[in-house]
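Per-entry structural report
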Amino acid sequence: MDVPGLLEAASLLVPESTATDDDLTVRDVWDCLAQDDWEFALNLLEEHRDGPALPLAFWETLADAAGRLRMRRSTAWCHWRAYETRHGVIRAELSLPENSPRRTPIPGHGVLRPVWDIGHRTPTGDTAFAIASLWVEGRDALEPGERASIRLAPLTPSLWGHLQPGQRFTMHERRPVTATATVLEVRPAAADG
């Protein structure tokens, strides 16, 4: 299937019945496609944030279209959202203090996979770290001294099922704590994921 066909197919998976006046509609996407504005149509579709969860096929189709358009960040974002559809969503606010052991920005697009202390212990009582990639929402990077909302993609999602909004946990790259996080939202996997 060509890029316009992929974008049309994805747009048909957005439920019209739940759209408000400000939401994306199939007509909006098709207007872009009629003008051969494929990148804008893709951007409209990938910005779907609220409302009911979209099916896995939506995100996989968008990832395919973004890849064909050589839009690396969009491709990564759509793969990220497909992962969330299959495994659930974990959002948190991450605070990277200025005096953190990390002196460089945290890259924002899912390339960093640090370890996290989310409360698990080994049989001897030591910290049992869990691994998760992170995506910084709305930014390219998180600088030391800043805070931002993040999304997490755990390597082993079942280890993260106990998290609740308001719960605090820590990010580690070496021995001392690198950053602290507070859970904002936890959503289970979508039914078709």
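Presented here is an overview of the structure given in this document. (Residues numbered from 1 in each chain as written. Predicted model: local features only at pLDDT ≥ 70, side-chain atom pairs only at ≥ 80, totals over all residues. Heavy atoms only, no water.)

**Side note on the pairing of strand β6 (residues 146-154)**
As paired elements, strand β1 (residues 89-96) and β6 share 7 bridges and run antiparallel to each other. Within β6, the position partnered with L96 by the bridge is E146. For strand β4 (residues 130-136) and β6, the ladder comprises 5 bridges, and the chain directions are antiparallel. Of the residues in β6, the one forming a bridge with W135 is R151. (Pairing = 2+ DSSP bridges. Helix = DSSP H or I, 4+ residues; strand = E, 2+ residues; numbered from the N terminus.)

**A word on the pattern of salt bridges**
A complete count under the given rule lists 12 salt bridges for this structure. Among the ionic pairs, R91 bridges to E137, the shortest N-O distance being 2.8 Å. A residue pair is termed long-range when its members are at least 10 positions apart, and R91 in strand β1 and E137 in the loop between β4 and β5 (141-142) qualify at 46 residues. For R91, a relative accessible area of 17% gives the class buried. The salt bridge involving R91 is made with E185; its shortest N-O contact spans 3.1 Å. (Salt bridge = Lys/Arg side-chain N within 4 Å of Asp/Glu carboxyl O. Buried < 20%, exposed > 50% of the residue type's maximum accessible area, 1.4 Å probe, protein only.)

**Structural notes on the packing of helix α1 (residues 3-11) against helix α4 (residues 56-68)**
Running from N to C, α1 and α4 cross one another at 155 degrees; their axes reach a closest spacing of 9 Å. Taken together, the axes of α1 and α4 lie roughly antiparallel to each other. The crossing of α1 and α4 is left-handed. Counting all contacts with α1, which are made through V3, L6, L7, A9 and A10, the residues of α4 involved are F58, T61, L62, D64, A65 and R68. Residues belonging to the contact of α1 with α4 are distributed by class as follows: 8 nonpolar, 1 polar and 2 charged. (Axes fitted to C-alpha atoms, helices over the stretch in contact; angles between N-to-C directions. Parallel < 35°, antiparallel > 145°, perpendicular 65-115°, else oblique. Left-handed = near helix turned anticlockwise from the far one by under 90°. Contact = heavy atoms within 4.5 Å. Nonpolar A, V, L, I, M, F, W, Y, C, P; charged D, E, K, R; others polar.)

**A short note on helix α5 (residues 72-87)**
Taking 1.5 Å of rise per residue, the 16 residues of α5 would be expected to cover 22 Å, and the 22 Å separating its terminal C-alpha atoms lies within 8% of that figure. Residues of α5 that are buried include every one of S74, T75, W77, C78, W80, R81, A82, Y83, E84 and T85, and no others. At the exit of α5 stands G88, carrying a positive phi of roughly 105 degrees. (Expected span 1.5 Å × (residues − 1).)

**Observations concerning the packing of aromatic side chains**
Taken as a whole, this structure holds 6 aromatic pairs when the rule is applied. Seen from their ring centres, W80 and W135 are 5.5 Å apart, and the 55 degrees between their planes marks the pair as tilted. Highlighted residues: W80 in helix α5 and W135 in strand β4, separated in sequence by 55 residues. For W135, a relative accessible area of 2% gives the class buried. (Phe/Tyr/Trp six-rings, centres within 6.5 Å; stacked < 30°, edge-to-face > 60°.)

**Quick notes on the environment of T170**
Here T170 is to be found in strand β7 (residues 168-172). Here T170 falls in the buried class, since its relative accessible area comes to 17%. Between the C-alpha atoms of T170 and T182, which are 12 residues apart in sequence, the distance is 8.7 Å. Excluding anything up to four places from it in sequence, T170 contacts V115, W116, D117, V177, A179 and T180. One polar contact links T170 to H172, side chain to side chain, over a distance of 2.8 Å. (Polar contact = N/O pair within 3.5 Å; in protein donor to acceptor, adjacent residues only side chain to side chain.)

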